[in-house]
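# What the coordinates show
Below are the chains, spelled out letter by letter.
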Amino acid sequence: MFKLSRKLQSLPPYLFLEIDKAKRIARQEGCDIIDLGIGDPDQPTPQYIIDALYRAALDPANHRYALDQGLPSLRRSISAWYKKRFNVDLNPENEVLPLVGSKEGIAHFPLAFLNPGDYSLVPDPCYPPYKGGTILAGGKVYLMPLKEENVFLPDFKKIPLSIIKKAKIIFLNYPNNPTGATAEKVFYKEAIAFAQKHKIIIISDLAYSEMSYDGYKPSSMLEIEGAKDVVVEFHSLSKTYNMTGWRVGWACGNEKLVAALARVKSNVDSGIFSAVQIAAIAALDGPDTHIKNMCALYQERRDLLISGLKSLGWQANNPKATFYAWIKIPRKYDSIKFASLILDKANIVVTPGVGFGKYGEGYIRMAFTVPKERIEEAIARLRKL
Ligand SMILES: *Cc1c(COP(=O)(O)O)cnc(C)c1O
């Protein structure tokens, strides 16, 4: 009787029903599942952030509607954090906008700039909201393949001029989910020059900037000269402070782009719980010991996983950042079949690459969001296959 809207119907299909079902059944049967499928930190939020939330939650002043544009003190902390971390100046008054998690802002942003027939240029494989947000806004998706031979960077020269003319937004995400790839400033410069020439907005998704290894430090796109003409950057406390459930992130950069997103949001939500915003300030203003420890922990797990997979003869490379290993699978399988097989025979959950887009086919993603013993156990099980 109630027909779904054409927009909802045209969203990319959810491909993991079979695997989800198999996982559920295996769990019900009491199988010992090792879940490398989820991109969600397994460690708790640092105590000093929880304490700040607790104290703020006791204050009735924080129980009322929050300001739509976020607490001025949070915007100042974000601006100070950007200065300290990237040496980028952001005006807390109009170049910073707190979000109910960065996914919320990323998914809503296209509503501010896309008209029917307009395109977003979307990397593939990618984090799903880039496509979802574009389609729900009535826009069209043009896929920029991320290929291993291009170190998982898009090739702007391959995009037809007819598409470029109708493109309003480019999505970029480095360090990258799902490939673990990173981008250097030469690429950022090229992207900004391309966007300036063709008057296209760049969305830079920087969710993984603090999760990096071997001394590597990812850059912000806003470090590049002229970036503020075209870039809005999205950031999040989710991965950096083990706060995925708290829902707090931000957009920053070009003033007009930030204001446009704020205008969309004023019609959708009514701000972030003030106590959560105060806890976010504690996180950003706090010492960076937690971040160092987190990176050390993931680095150990990464080394264990990658060296283990290599010892099995698998094709795997150490990612310099993120907690994802992007692994090529034997040609005779597709990624869904391969993931199902591993679940079936070894009780290990991995994400089939095709779930991130068609150019993800031929790969699986493993998240090292489980303790070392579980990674060792996973390798031992795979060895027996
Ligand atoms: C986890 C993740 C985010 C963060 O999402 P939040 O909504 O802030 O929790 C953003 N982008 C990518 C690519 C991610 O993997």
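Placed above this text is the structure.
The paragraphs below set out a description of the structure included in this document. All values reported here derive from a predicted model rather than from experimental measurement.

In this section: the overall build of the protein chain. Helix and strand counts for the protein chain stand at 13 helices and 12 strands. Relative to the 2.2 N^0.38 estimate, which gives 21 Å for 385 residues, the radius of gyration of the protein chain is 21 Å and therefore close to what a compact globule would have. Per-residue burial for the protein chain yields a buried fraction of 54% across its 385 residues. In the protein chain, once contacts between residues fewer than 6 apart in sequence are set aside, the share between residues at least 24 apart is 75%. The averaged location of the 40 negative side-chain charges in the protein chain is 5 Å from the averaged location of its 51 positive side-chain charges.

The volume enclosed by the largest pocket comes to roughly 1,300 Å³. If you trace the largest pocket, you find 50 residues lining it, with Lys103, Tyr127, Pro128, Pro129 and Phe356 closest to the centre. Counting residues per element, the ones that place at least two in the lining of the largest pocket are helix H2 (17–28), helix H5 (102–113), helix H6 (129–136) and strand S11 (351–352). Counting residues per element, the lining of the largest pocket draws most heavily on H6, which supplies six residues. Here the lining of the largest pocket is built from residues that sort into 24 nonpolar, 14 polar and 12 charged. Taken domain by domain, the lining of the largest pocket gets at least three of its residues from each of domain 1 (6–44 + 289–384) and domain 2 (48–285). One number sums up the size of the second largest pocket: a volume of about 560 Å³. In this structure, the second largest pocket is lined by 25 residues; those nearest its centre are Lys328, Ile329, Pro330, Arg331 and Gly362. At the level of elements, helix H12 (335–346) and helix H13 (372–384) are the ones that each hand at least two residues to the lining of the second largest pocket.

Moving on, we come to the packing of H2 against H12. Direction vectors running N to C along H2 and H12 enclose 0 degrees, while the axes themselves pass 10 Å from each other. Classified by the interaxial angle, the pair formed by H2 and H12 is roughly parallel. Seen from H2, the contacting residues are Ile19, Ala22 and Lys23; seen from H12, they are Ile336, Ala339, Ser340 and Leu343. Within the contact of H2 with H12, the residues separate by chemical class into five nonpolar, one polar and one charged.

Glancing now at the nonpolar core. By size, the foremost hydrophobic cluster in this structure holds 98 residues, and its most contacted members are Tyr82, Ile170, Ile202 and Met366. Ranked by the residues each element gives to this core, the list is headed by helix H11 (residues 289–311), at seven residues. Looking at this core, you find at least three residues from each of domain 1 (6–44 + 289–384) and domain 2 (48–285). Once you skip the residues sitting within four places of it in the chain, isoleucine 202 turns out to touch Ile170, Leu172, Ala191, Ile192, Ala195, Met221, Val230, Val231 and Val232. Counting residues in each nonpolar core, the second largest holds 19 residues, with Val122, Ile201, Phe234 and Ala251 among its members.

Rules of the game
- Residues numbered from 1 in each chain as written.
- Predicted model: local features only at pLDDT ≥ 70, side-chain atom pairs only at ≥ 80, totals over all residues.
- Heavy atoms only, no water.
- Helix = DSSP H or I, 4+ residues; strand = E, 2+ residues; numbered from the N terminus.
- Rg over C-alpha atoms; globule rule 2.2 N^0.38 Å.
- Buried < 20%, exposed > 50% of the residue type's maximum accessible area, 1.4 Å probe, protein only.
- Contact = heavy atoms within 4.5 Å.
- Lys, Arg positive; Asp, Glu negative; His and termini not counted.
- Charge placed at Lys NZ, Arg CZ, Asp CG, Glu CD.
- 1 Å grid on protein atoms, 1.4 Å probe; cavity = no way out; pocket = protein on both sides within 12 Å on 5 of 7 lines; lining within 4 Å.
- Points joined across faces, edges and corners; volume = space filled by probe spheres on them.
- Nonpolar A, V, L, I, M, F, W, Y, C, P; charged D, E, K, R; others polar.
- Domains from an automatic or database assignment.
- Axes fitted to C-alpha atoms, helices over the stretch in contact; angles between N-to-C directions.
- Parallel < 35°, antiparallel > 145°, perpendicular 65-115°, else oblique.
- Core = buried A, V, L, I, M, F, W, Y, C linked by side-chain atoms within 4.5 Å.

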